[in-house]
Amino acid sequence: MRPLTASELIRCWEIGKSQHPLDRALTLLSYACPTYQMASLASLSIGQRDAYLLTLREITFGEKMDCWADCPACRERLEFSTKTSQMRIVELQEPAVAEYQVQVGEWELRYRLPNSWDLATIVGMKDYERAARRLRQRCLLRAKRQGSEVGYEDLPSEAIGAMVESIAAGDPQAEILLDLNCPACGHNWQVMLDIVWFIWKEVSAKAQRILQEVHVLARYYGWREADILSMSTVRRQYYLSLVG
Ligand SMILES: [Zn+2]
């Protein structure tokens, strides 16, 4: 994985502007990990994908993450900082579809972790129960009762529940909860870090800022966009300071 260059940031922003967040995440990773096929990036479990995104965020924008959240009790805005290293709780792994197993009494279930392909099949589904069921069905690879193959429909709720719990435990990076405490009213609550949302906001702001810089330098010096974008940030900033 490598950091995104100025022109790659702009390219990702351009492509991702009209994309669903699921695809935006893959667009960013495809530029940061050019040796991986898009299909294998889409097969990363959601937790692994997010671990990659956090690393991409770190090597492109730095480690410190400035966040905010509104207190659900008193509406006060809480601003706080965290670090990518504190948010990343798993090691990066080569994209590979791993198979897991859970045993509940006489039931034996083999499953895999949900990935971007799976989430793409439930985009736009309004019925949460149906969407969750589709995900569980897709992730279940095989089920057996006392050695004989059975279908999803035959499984008791405790067997499905055990698989859901194992999935959550097997992919802890997929749900990063932050503990927050409101200094105004003392309320404690948890928020989920949406890394795709977070990194996309930054990519989009940064891309537009660079384009404004290109605009200023191109107008002043008459340089081509490609030449300005290929400059280091230090050099671009220096010319901007001369332009004033
Ligand atoms: Zn509060």
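Refer to the structure printed above.
A quick note: this is a predicted structure, and the numbers were derived from the prediction, not measured.

Visitor: Can you help me understand unusual backbone geometry in this one?
Guide: The phi torsion of most residues other than glycine is negative, and most of the peptide bonds are trans. Of note, R75 is a non-glycine position whose phi angle comes to about 75°, a positive value. Locating R75 in the fold gives a position in the loop between β1 (64-70) and β2 (77-83). Of note, the phi angle at Q146 is positive, near 45°, even though the residue is not glycine. Structurally, Q146 can be placed in the loop between β5 (140-145) and β6 (148-150). Note on Q146: relative accessible area 63%, which makes it exposed.

Visitor: What should I look at first to understand empty space enclosed by the protein in this one?
Guide: Gaps left between atoms show up when a probe the size of a water molecule is rolled over them. Counting across every chain of the model gives one cavity of 30 Å³ or more. Considered as a void within the structure, the largest cavity measures approximately 40 Å³ in volume. What lines the largest cavity is simply D50, L54, Q173, I176, L193 and I195.

Visitor: How should I be thinking about the packing of aromatic side chains in this particular structure?
Guide: When we look at a pair of aromatic rings, we describe it by the centre distance and by the angle of the planes. All chains considered together, the criterion is met by seven aromatic pairs. For the pair Y100 and Y111, a centre-to-centre distance of 5.6 Å together with 20° between the ring planes defines the contact as stacked. Of this pair, Y100 sits in strand β3 (residues 100-104) while Y111 sits in strand β4 (residues 107-111), placing them eleven residues apart in sequence. With a relative accessible area of 30%, Y100 lands in the partly exposed category. Overall, the relative accessible area of 3% leaves Y111 in the buried class. Centroid distance Y220 to Y221: 4.9 Å. Interplanar angle 75°. Geometry classified as edge-to-face. The exposed category is assigned to Y220, whose relative accessible area is 54%. What links up through ring pairs into an aromatic cluster is the set Y220, Y221, W223 and Y239. Here R77 stacks its cationic end above the ring of W68, 3.9 Å away from the centre of that ring.

Visitor: Would you take a moment to explain the pattern of salt bridges for this structure?
Guide: Oppositely charged side chains are able to pair whenever their charged atoms sit close together. With the rule as written, the count across this model stands at 16 salt bridges. Taking the shortest distance from any N to any O, the salt bridge between R138 and D118 comes out at 2.6 Å. You can see R138 sitting in helix α7 (residues 128-139) and its partner D118 sitting in helix α6 (residues 116-120), a full 20 residues away along the chain. When its relative accessible area of 32% is taken as the criterion, R138 is described as partly exposed. Sharing partners across several salt bridges, the network here consists of E99, E108, R110 and R142.

Visitor: Honestly, the layout of surface pockets in this entry has me stumped. Any pointers?
Guide: In this structure, the largest pocket spans a volume of roughly 1100 Å³. Among the elements of the structure, α2 (21-32), α4 (46-61), α7, α8 (157-170) and α9 (195-221) are those that each provide at least two residues to the lining of the largest pocket. Ranked by the residues each element gives to the lining of the largest pocket, the list is headed by α7, at six residues. Of the residues contributing to the lining of the largest pocket, the split by class is 21 nonpolar, two polar and six charged. In this structure, the lining of the largest pocket is formed jointly by two domains, domain 1 (6-89 + 177-243) and domain 2 (100-174), each of which donates at least three residues.

About the cut-offs
- Residues numbered from 1 in each chain as written.
- Predicted model: local features only at pLDDT ≥ 70, side-chain atom pairs only at ≥ 80, totals over all residues.
- Heavy atoms only, no water.
- Helix = DSSP H or I, 4+ residues; strand = E, 2+ residues; numbered from the N terminus.
- Buried < 20%, exposed > 50% of the residue type's maximum accessible area, 1.4 Å probe, protein only.
- 1 Å grid on protein atoms, 1.4 Å probe; cavity = no way out; pocket = protein on both sides within 12 Å on 5 of 7 lines; lining within 4 Å.
- Points joined across faces, edges and corners; volume = space filled by probe spheres on them.
- Phe/Tyr/Trp six-rings, centres within 6.5 Å; stacked < 30°, edge-to-face > 60°.
- Lys NZ or Arg CZ within 6 Å of the ring centre and 35° of its normal.
- Salt bridge = Lys/Arg side-chain N within 4 Å of Asp/Glu carboxyl O.
- Nonpolar A, V, L, I, M, F, W, Y, C, P; charged D, E, K, R; others polar.
- Domains from an automatic or database assignment.

By themselves, these observations are geometric and do not establish any function.
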